[in-house]
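What follows is the residue order along each chain.
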Amino acid sequence: KKLVGFIQGHGEPVTSAMQQAMQALNVLNEVEGVNLTDSTYLARYETLVLIAPSDSIPNQHLDMLDDYLAQGGNMVVAINRVDGDLQQSMGNEVTTGLETWLANKNILVDKNFIVDANCGSVNVVQQQGTFSFSSQVSFPYLPVFTNFADHPVTSGLETVIMQFASSVSYTGDTTKHFTPLVLSSEKSGTQSVPLYFNIQKQWTDNDFPMKNIVAAG
């Protein structure tokens, strides 16, 4: 079986927190966590996966990833460029150094929130006198994606909901090929950080002036 390594040590979720993904991957692959140390031999991995680091990544570790890619390695990178705190109703930027590393490769992950009319909902508790009741309120900061590229990576996907997403773009020239994989709906937009989540906001079409915003590639 081919070996897939999930990078650990920078606040990434542990493999046991992604049971559904692990179950699917382990059919054809062997999966293990990887800590980037001087003695780590990355060339043994068919693919490295770096998901949602929340702590800063040392340049030494990023250099190791560059060496791995230069030797023909494959990488999956999933980055939280922004974070939404629903308790505080605030959305803020996330900085780990990974965003700069990607930008140096001409992959720009903007510090913004994609908002989409096609979205998930949040549970809102309201108080009236001595009574409290909860209701589901549409929350465009939880975009539901149904627009996917015809590509092996997204083959078979029908719907993906993201708990906050940022727009992705390729800023390089034609010497490399960038393929958009996941795109927003016909009614979408972006909002820059920092921002305040107004749960009671009445959204209109004017809030969604864009379409086909790239969320993955």
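Here, the structure is the one placed above.
What comes next concerns the included structure. (Residues numbered from 1 in each chain as written. Predicted model: local features only at pLDDT ≥ 70, side-chain atom pairs only at ≥ 80, totals over all residues. Heavy atoms only, no water.)

**Some details on the pattern of salt bridges**
Where charged atoms of side chains with opposite charge meet at close range, the side chains can pair. On inspection of all chains with the given rule, the structure shows 8 salt bridges. A salt bridge links D66 to K105; the nearest nitrogen and oxygen atoms lie 2.5 Å apart. Highlighted residues: D66 in helix α2 (residues 59-70) and K105 in the loop between α3 (98-103) and β7 (107-109), separated in sequence by 39 residues. We note a salt bridge from D207 to K201, for which the minimum N-O separation is 3.5 Å. Taken together, the salt bridges that share partners define one network made up of R81, E93 and K111. (Salt bridge = Lys/Arg side-chain N within 4 Å of Asp/Glu carboxyl O. Helix = DSSP H or I, 4+ residues; strand = E, 2+ residues; numbered from the N terminus.)

**Section: the pairing of strand β5 (residues 82-85)**
Residues of β5 alternate between two faces, with V82 and G84 buried on one and D83 and D85 left unburied on the opposite face. Summarising the sheet, β5 and strand β6 (residues 90-93) pair through 4 bridges and their orientation is antiparallel. Bridge pairing links D83 to N92 in β6. (Buried < 20%, exposed > 50% of the residue type's maximum accessible area, 1.4 Å probe, protein only. Pairing = 2+ DSSP bridges.)

**What to know about unusual backbone geometry**
V193 connects to P194 through a cis peptide bond whose omega is -5°. Unlike most non-glycine residues, S89 shows phi in positive territory, near 60°. Structurally, the position occupied by S89 is in the loop between β5 and β6. With a relative accessible area of 16%, S89 lands in the buried category. Even without glycine at this site, F164 takes up a positive phi of about 80°. Looking at where F164 falls in the secondary structure, it is placed in the loop between β12 (160-161) and β13 (168-170).

**Observations regarding the sheet that holds strand β10 (residues 131-145)**
Read across the sheet, 3 strands follow the order β9-β10-β12 without closing on themselves; strand pairing throughout is antiparallel. Edge positions in the sheet fall to β9 (119-128) and β12, since each of these pairs with one other strand and no more. Direction of pairing for β10 relative to β12: antiparallel, over a ladder of 2 bridges. By the bridge assignment for β12, V144 is matched with I161.

**Observations regarding the nonpolar core**
By size, the foremost hydrophobic cluster in this structure holds 21 residues, and its most contacted members are L42, L48, L65 and M75. Elements represented by at least two residues in this core include exactly β1 (2-8), β3 (47-51), α2 and α3. In terms of residue count, the dominant contributor to this core is α2 (4 residues). Those residues in contact with M75, other than ones at most four positions away along the chain, are I7, L48, L50, L65, Y68, L69 and W101. (Core = buried A, V, L, I, M, F, W, Y, C linked by side-chain atoms within 4.5 Å. Contact = heavy atoms within 4.5 Å.)

**Notes on the sheet that holds β6**
With antiparallel pairing, 3 strands are arranged side by side in an open sheet as β5-β6-β16. Each edge of the open sheet is held by one strand with a lone partner, namely β5 and β16 (195-196). Pairing of β6 with β16, which is carried by 2 bridges, proceeds in the antiparallel orientation. Note that in β16 the partner of G91 across the bridge is L195.

**What to know about the environment of V137**
As for its placement among the helices and strands, V137 is situated in strand β10. Taking relative accessible area as the criterion, V137 reaches 22% and is therefore assigned partly exposed. Taking the C-alpha atoms as reference points, V137 and S121, separated by 16 residues in sequence, lie 5.2 Å from one another. Those residues in contact with V137 that lie beyond four places of it in its chain are G120, S121, V122, V124 and I199.

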